[in-house]
Amino acid sequence: MGKRDMPPAINHQQSTNNFAKLCDIVAKLRAPGGCPWDREQTHESLLPATIEEAYEVAEAARSQNAAHFREELGDLLLLVVMHAEIARESGQFKIDNVVEEITEKLIRRHPHVFGENNARDAGAVLKQWEAIKREEKKDDQHYLASLPRALPALMRAQKAQSKVARVNFDWTELRDVIAKVEEELGELKEAISSEDQKSIEDEIGDFLFAIVNLARKCKLDAETALQAATDKFVGRFNLLEDELRARGKKLGDVDLAELDAIWNQVKAAGKGD
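Residues numbered from 1 in each chain as written. Predicted model: local features only at pLDDT ≥ 70, side-chain atom pairs only at ≥ 80, totals over all residues. Heavy atoms only, no water.

S.K.: Quick one: what's the story with the overall build of the protein, residue by residue and with numbers?
M.R.: Looking only at helices and strands, the protein has 12 helices and 0 strands in total. Counting from the amino terminus, helix and strand elements in the protein follow one another as α-α-α-α-α-α-α-α-α-α-α-α. Over its C-alpha trace the protein gives a radius of gyration of 25 Å, far above what one expects of a compact globule, namely 19 Å for 273 residues. Taken over the C-alpha atoms alone, the protein extends approximately 65 × 50 × 50 Å along its principal axes. Sequence separation of 24 or more characterises 51% of the internal contacts of the protein that already satisfy a separation of 6 or more. Of the roughly 19,400 Å² of accessible surface on the protein, 56% is carried by carbon and sulfur atoms. Measuring between centres, the 39 positive side-chain charges of the protein sit 6 Å from its 50 negative side-chain charges. (Helix = DSSP H or I, 4+ residues; strand = E, 2+ residues; numbered from the N terminus. Rg over C-alpha atoms; globule rule 2.2 N^0.38 Å. Contact = heavy atoms within 4.5 Å. Areas by Shrake-Rupley, 256 points an atom, 1.4 Å probe, with all protein chains shown as cover. Lys, Arg positive; Asp, Glu negative; His and termini not counted. Charge placed at Lys NZ, Arg CZ, Asp CG, Glu CD.)

S.K.: Outline helix α11 (residues 222-246), supporting the account with residue identities and numerical values.
M.R.: The α-helix advances 3.6 residues per turn, and as a result positions three or four apart in sequence lie on the same side. Taking 1.5 Å per residue, 25 residues should reach 36 Å; α11 reaches 36 Å between its end C-alpha atoms and fits that length. Those residues of α11 that sit buried are Ala 222, Glu 223, Gly 235, Arg 236, Leu 240 and Leu 244. For α11, the secondary structure elements touched by its buried residues are α8 (153-165), α10 (197-217) and α12 (256-268). Backbone geometry just after α11 places Gly 248 at a positive phi near 75°. (Expected span 1.5 Å × (residues − 1). Buried < 20%, exposed > 50% of the residue type's maximum accessible area, 1.4 Å probe, protein only.)

S.K.: Any details on the packing of α11 against α12? Residues and values, ideally.
M.R.: Here α11 crosses α12 at 120°, and the two axes come no closer than 9 Å. The orientation of α11 relative to α12 falls into the category oblique. Considering only the axes of α11 and α12, their crossing is right-handed. Contact residues: α11 offers Phe 233, Arg 236, Phe 237, Leu 239, Leu 240, Glu 243 and Leu 244, while α12 offers Leu 259, Ile 262, Trp 263, Val 266 and Lys 267. Grouping the constituent residues of the contact of α11 with α12 by class yields 9 nonpolar, no polar and 3 charged. (Axes fitted to C-alpha atoms, helices over the stretch in contact; angles between N-to-C directions. Parallel < 35°, antiparallel > 145°, perpendicular 65-115°, else oblique. Left-handed = near helix turned anticlockwise from the far one by under 90°. Nonpolar A, V, L, I, M, F, W, Y, C, P; charged D, E, K, R; others polar.)

S.K.: Quick rundown of the layout of surface pockets? Include the residues and the values.
M.R.: Considering only enclosed or pocket space, the largest pocket measures out at about 320 Å³ in volume. Lining the largest pocket are 14 residues; nearest its centre among them are Gln 161, Phe 169, Trp 171, Phe 209 and Asn 213. Tallying contributions element by element places α10 first for the lining of the largest pocket, with 5 residues. Among the residues forming the lining of the largest pocket, the class breakdown is 7 nonpolar, 2 polar and 5 charged. (1 Å grid on protein atoms, 1.4 Å probe; cavity = no way out; pocket = protein on both sides within 12 Å on 5 of 7 lines; lining within 4 Å. Points joined across faces, edges and corners; volume = space filled by probe spheres on them.)

S.K.: Talk me through the pattern of salt bridges; I want residue IDs and the actual numbers.
M.R.: Enumeration according to the criterion identifies 13 salt bridges in this entry. Because the salt bridges share partners, they merge into one network encompassing Glu 243, Arg 247, Lys 249 and Glu 258. (Salt bridge = Lys/Arg side-chain N within 4 Å of Asp/Glu carboxyl O.)

S.K.: How would you explain a negative patch on the surface if you had to name every residue and give the values?
M.R.: A cluster of like negative charges, contributed by Asp 96, Glu 100, Glu 101 and Glu 104, occupies part of the molecular surface. Its location among the elements puts Asp 96 in helix α5 (residues 95-108). (Patch = residues over 30% accessible without salt bridge, like charges linked within 9 Å, V, L, I, M, F, W, Y side chains within 5 Å.)

Structure below.
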């Protein structure tokens with residue numbers, strides 16, 4: 001990378017001023033005489049928007065649209081500042097405490113950068129990070145104690161599998177993972193035959209967990225893969241609906257055989273992919 005290709009240097013003073021301005025605006029919105037809607041918000045009322053914005057950030061990142069990505073990061077940052085302002089008003093903490101704590105955590109968990117340790121590669125860095133994190137979380141010494149329960153199920157499953165793989169609890173051969181998927185599918189079929197709803201639920205869970213593990217071993221993110229598959233399904237179904245309209249028909253009035261025929265035409269043409 002030549003000098004012309006280097007990204008522009010960060011203007012720390014400007015960044016500090018912009019962030020301070022954002023914090024001041026949020027405080028004014030929450031203050032007497034501010035915005036009635038903003039003044040009514042609580043941590044609990046903002047949680048759905050916080051989660052939604054995090055997903056929108058992920059979608060924008062995948063779209064590779066820099067302007068959209070920047071906008072969504074701003075929306076998420078606004079909610080972080082809003083939560084911090086609500087906490088400040090109740091005397092819990094301030095945004096400065098949030099920034100200071102994450103800064104100290106980054107320094108503490110990167111001794112190979114800010115200290116004397118020498119991590120050789122990304123794998124060594126992750127193991128070091130986990131060791132430091134366990135030392136910090138002394139209230140529960142279980143290795144998976146820090147695994148968030150609030151994560152989406154596929155993401156949480158893959159995170160659990162990735163974490164235990166770092167301590168060697170993992171298959172070494174892909175064929176063993178595929179065999180486990182086939183084993184779980186067989187058990188699911190038996191459960192369905194038994195018509196025991198609880199057993200079916202358990203086995204579907206085990207099957208999904210095994211599928212997530214297969215995605216991980218193939219160096220894929222299960223959440224991203226399923227999102228892409230759903231997007232493809234939606235695209236193809238939209239084309240199916242368009243074709244029905246072109247035939248003067250509508251969804252709900254057409255039998256499965258005709259729907260399947262149109263679906264297969266869309267699929268064969270590679271449309272909606």
